[in-house]
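# Summary of the model geometry
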Amino acid sequence: MTFDRALPIPPVQDGVIDEEGRRVFSLTAQEGAAELRSGFQTQTWGFNGDHLGPTLRAQPGDHVRVNVTNRLGEATSVHWHGMRLPAEMDGGPHQEVQPGGSWHPEWVIDQPAATLWYHPHPHGATEKHVYRGLAGLFLVDEAVPGLPSEYGVDDVPLIVQDKQLDGSGQLATSGSAPVGTLGETILTNGVEGAFFDATTEKVRLRLLNGSTARILTFAFDDEREFAHIATDGGLLEAPRVTGQLTLSPGERAEVVVQLAPGEDVMLQSHPTPGFWLGAPSGLSDRFDIMQIRAAPELQPADDLPDELARIDWLRADDAVTTRPMRLSNRSINGKEMDMNRIDDVILAGSTEIWTVSAADGFPHNFHIHDVQFQVLDVDGAPPAPHLRGWKDTILLEPQKEHRLIMRFGRHTNPDVPYMYHCHLLRHEDEGMMGQFVVVAPGQGAGHIDGHHH
Ligand code: C2O
Ligand code: CU
């Protein structure tokens with residue numbers, strides 16, 4: 001495998017400010033063909049192009065609107081993963097956009113700077129839509145002095161995904177793998193064998209594991225350390241030095257790597273420790289992901305700040321409810337996803353603890369819409385250092401109880417649910433998902449699918 005293709009940088013959309021002061025983006029889901037592997041044209045799907053989508057960028061407090069158009073031959077949706085917003089804007093399976101149709105969600109950004117992302121969430125077909133190439137980043141952006149911030153130069157988005165390509169370079173899927181489709185071809189921003197030309201001493205990588213099932217443990221070939229600065233929902237309190245970082249599908253992290261002039265270093269995925277059934281789930285695999293080539297002369301960079309953000313740590317004493325969430329086979333708490341069943345009714349603004357566990361021995365992770373949570377403990381022990389920040393998706397250690405604490409938002413709608421689910425997309429599609437509504441005091445669950453009382 002030669003790393004001889006320049007890393008594509010997804011174009012940024014800052015939106016257009018309309019007469020009402022809204023920042024307006026547009027996304028069109030469409031079919032196309034892209035050179036994922038050198039010399040092959042793969043049939044793909046993309047937003048505003050052949051494959052993947054633009055990076056949307058907005059600031060906290062912005063009123064944003066997205067004009068979503070579906071030019072595919074089947075229904076899709078666009079979910080804003082990690083975003084706090086009203087349920088009817090969430091883009092889950094209850095907001096599908098029909099072929100030829102459009103959808104115009106809008107909301108006010110009410111959360112700190114973070115690397116979020118968007119992807120389809122159609123009922124039972126999320127794996128297919130994401131795997132074909134429908135995914136992009138949504139940056140909630142705020143300048144932090146001392147952090148690299150020039151998009152595509154020293155602040156580099158990196159969507160990492162595995163694919164199975166057949167002999168003619170077309171996307172293939174595996175029928176019955178326990179975790180879904182695992183591919184041997186690793187793409188960064190949509191291409192195999194990419195290199196990035198670094199021109200600065202420090203490079204910030206915004207990592208998204210956009211795979212449908214593969215768990216990645218990021219590290220470098222020379223085992224150098226790097227600074228971990230942000231989790232899914234925003235910056236850590238302080239940079240944390242580490243040599244490797246595991247991200248399961250849907251998780252993000254921001255890291256800063258220090259480079260010496262003229263060197264080449266390979267970003268890799270290393271085996272992920274701590275799981276049995278590792279081999280069939282791809283957990284013992286090792287891959288090269290992307291080469292970083294440092295220029296002979298590098299722009300000097302500031303030292304990283306000692307303090308990155310203030311985190312409002314939630315207190316277990318403030319939780320009004322504790323909900324067990326037990327994942328096994330294709331169900332949560334023994335139930336498979338039912339579009340017409342509301343599983344949980346949650347009071348707006350309340351703090352809750354969810355105790356999440358995976359009981360069947362296969363890898364699962366857990367994602368909750370609308371909230372960023374904190375990890376209180378894992379089987380009673382303090383969370384690993386890489387989990388000490390805002391998270392919306394967490395890899396579950398088998399058989400352990402993960403106590404997550406979260407504060408729900410103020411947007412209420414008894415009729416339109418948000419989702420929680422395993423983000424191994426085959427599992428999600430096959431039923432490992434549940435629905436909750438957020439309601440005002442005294443309100444109960446309403447009626448799904450627009451049948452109002
Ligand atoms: Cu990224 Cu419900 O998903
Ligand atoms: Cu799962």
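Right, let's walk through the structure included here. (Residues numbered from 1 in each chain as written. Chains lettered and ligands numbered in written order. Predicted model: local features only at pLDDT ≥ 70, side-chain atom pairs only at ≥ 80, totals over all residues. Heavy atoms only, no water.)

## Looking at the pairing of strand β29 (residues 351-358)
Burial of β29 is extensive: 8 of the 8 residues sit out of reach of the surface. Burial along β29 is two-sided: T351, I353, T355 and S357 and E352, W354, V356 and A358, pointing in opposite directions, are all buried. Sheet analysis places strand β26 (residues 321-328) next to β29, joined by 7 bridges and oriented parallel. Across the sheet, residue R323 finds its bridge partner in β29, namely W354. Relative to strand β33 (residues 402-407), β29 is paired through 6 bridges, and the arrangement is antiparallel. From the neighbouring strand, E352 faces β33, where its bridge partner is M406. (Buried < 20%, exposed > 50% of the residue type's maximum accessible area, 1.4 Å probe, protein only. Helix = DSSP H or I, 4+ residues; strand = E, 2+ residues; numbered from the N terminus. Pairing = 2+ DSSP bridges.)

## Some remarks on the coordination of the copper ion (ligand 2)
Within the protein, H364 (ND1), C422 (SG) and H427 (ND1) serve as the donor atoms for the copper ion (ligand 2), at 2.0 to 2.1 Å. Sequence positions of the donors to the copper ion (ligand 2) reduce to the motif H-x57-C-x4-H. Taken together, the residues span a long stretch of sequence, with H364 in the loop between β29 and β30 (365-368) and H427 in helix α2 (residues 425-429) at a distance of 63 residues. On the accessibility criterion, H427 (0% relative accessible area) is buried. (Donors = N, O, S within 2.8 Å, 3.2 Å for Na, K, Ca; no water.)

## Considering the environment of P105
Mapped onto the elements, P105 comes out in the loop between β9 (102-103) and β10 (106-108). Judged by relative accessible area, P105 falls into the buried class, the value being 0%. Along the backbone, P105 and M89 are 16 residues apart, and their C-alpha atoms lie at a distance of 5.0 Å. Other than its neighbours up to four places away in sequence, P105 contacts V64, R65, V66, V68, W80 and M89. (Contact = heavy atoms within 4.5 Å.)

## Quick notes on the sheet that holds strand β22 (residues 245-247)
Reading across the sheet, the 6 strands line up as β1-β17-β25-β24-β19-β22 and stay open at both edges, with mixed pairing between neighbours. Taken across any chain shown, the strands that pair with only one partner, and hence form the sheet edges, are β1 (5-6) and β22. Across 2 bridges, β1 lies against strand β17 (residues 194-200) in parallel orientation. In the strand pairing of β17, R5 is matched with A194.

## With respect to the pattern of salt bridges
Under the definition given, this model contains 32 salt bridges. Of the charged contacts, one joins K128 and E74 as a salt bridge, the two residues approaching to 2.7 Å between their closest N and O atoms. Of the two residues, K128 sits in helix α1 (residues 126-132) while E74 sits in the loop between β7 (63-70) and β8 (79-81), which places them 54 residues apart along the sequence. A relative accessible area of 26% means that E74 is categorised as partly exposed. Taking the shortest distance from any N to any O, the salt bridge between R315 and D318 comes out at 3.3 Å. With a relative accessible area of 40%, D318 lands in the partly exposed category. One connected set of salt bridges, linked through shared partners, spans D18, E20, R22, R65 and E106. (Salt bridge = Lys/Arg side-chain N within 4 Å of Asp/Glu carboxyl O.)

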